[in-house]
Amino acid sequence: MSVKVLYLVKYENDQKAAMLSSETMRERAAIHRKAIADFGGVPIAQYATFGEYDMVYIYEMPDNAHLAANLHLTDSYGLAKYSKAIVLMSNEEMTESMAIAANTKTGYSPAT
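Since the model is a prediction, treat every value here as computed from it, not as a measurement. (Residues numbered from 1 in each chain as written. Predicted model: local features only at pLDDT ≥ 70, side-chain atom pairs only at ≥ 80, totals over all residues. Heavy atoms only, no water.)

Engineer: Explain the pairing of strand 2 (residues 42–48) to me, using residue names and the numbers behind them.
Structural biologist: Strand direction decides the pairing type here: strand 2 and strand 3 (residues 55–61), joined by six bridges, are antiparallel. Bridging across to strand 3, valine 42 finds its partner in glutamate 60. Linking strand 2 back to strand 3 in an antiparallel pair, the connection comprises six residues, with glycine 51 at a positive phi of about 110°. (Pairing = 2+ DSSP bridges. Helix = DSSP H or I, 4+ residues; strand = E, 2+ residues; numbered from the N terminus.)

Engineer: Lay out the packing of aromatic side chains with the relevant residues and their values.
Structural biologist: Applying the stated rule across the entire model yields two aromatic pairs. Seen from their ring centres, tyrosine 7 and tyrosine 57 are 6.4 Å apart, and the 35° between their planes marks the pair as tilted. Note that tyrosine 7 is positioned in strand 1 (residues 3–11) and tyrosine 57 in strand 3, a separation of 50 residues in sequence. There is no split in this pair, since tyrosine 7 and tyrosine 57 are both buried. Each ring, one from tyrosine 53 and one from tyrosine 82, has its centre 5.6 Å from the other, and the planes form 75°; the classification is edge-to-face. With a gap of 29 residues between them, tyrosine 53 in the loop between strand 2 and strand 3 and tyrosine 82 in strand 4 (residues 80–88) connect regions that are remote in the sequence. Take tyrosine 82: its relative accessible area is 33%, and that puts it in the partly exposed class. (Phe/Tyr/Trp six-rings, centres within 6.5 Å; stacked < 30°, edge-to-face > 60°. Buried < 20%, exposed > 50% of the residue type's maximum accessible area, 1.4 Å probe, protein only.)

Engineer: Hey, could you go over a nonpolar patch on the surface for me, with residue numbers and the actual values?
Structural biologist: Judged by side-chain polarity, Met89, Met94 and Met98 come together as a nonpolar surface patch covering roughly 310 Å² of accessible area. In this structure, methionine 89 sits in the loop between strand 4 and helix 5 (91–103). On the accessibility criterion, methionine 89 (47% relative accessible area) is partly exposed. (Patch = residues over 30% accessible without salt bridge, like charges linked within 9 Å, V, L, I, M, F, W, Y side chains within 5 Å. Areas by Shrake-Rupley, 256 points an atom, 1.4 Å probe, with all protein chains shown as cover. Salt bridge = Lys/Arg side-chain N within 4 Å of Asp/Glu carboxyl O.)

Engineer: Just give me the short version of the sheet that holds strand 2, but keep the residues and values in it.
Structural biologist: The strand order 2-3-1-4 describes an open sheet built from four strands, whose pairing is antiparallel. Lying at the two open borders of the sheet, with one neighbouring strand each, are strand 2 and strand 4. Mean inter-strand twist for the sheet, computed between neighbouring axes without regard to direction, equals 15°. Note: strand 1 against strand 4, eight bridges, orientation antiparallel. Looking at the pairing, leucine 8 lines up with lysine 84 of strand 4. In the packing of helix 1 (residues 13–21) onto the sheet, the strands contacted are strand 1 and strand 4, and the crossing angle to strand 1 comes to about 85°. (Axes fitted to C-alpha atoms, helices over the stretch in contact; angles between N-to-C directions. Contact = heavy atoms within 4.5 Å.)

Engineer: Can you tell me about the environment of aspartate 75, naming the residues and giving the values?
Structural biologist: Following the sequence through the fold, aspartate 75 ends up in helix 4 (residues 64–76). Among all residues touching aspartate 75, those that are not within four sequence positions of it are Tyr7 and Ser83.

Keep in mind these numbers describe shape, not what the thing actually does.
Given below as structure tokens:
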């Protein structure tokens with residue numbers, strides 16, 4: 001099973017300052033692509049943004065354990081002020097999950 005993920009990152013201000021002052025530091029996307037590949041992942045797309053986040057990545061990982069390992073490593077360096085990883089599902093997977101929810105008998109109910 002592979003996992004597709006949308007990863008959003010806002011860099012720490014000192015990291016952005018380093019990117020402004022160093023041409024080699026500016027190419028963070030290449031560094032992220034390598035880190036994704038190091039964990040068996042495949043980069044799909046990456047975009048620079050402005051506003052709440054600085055970069056957006058879409059990539060595929062072999063499974064949740066490899067995704068979590070990649071995120072643990074990137075978080076451990078403290079380069080990001082904050083980040084968000086969102087697991088993506090295809091329309092077919094979403095339709096299947098809705099069918100499972102509709103057809104699963106359970107005692108779960110809203111709090112009253």
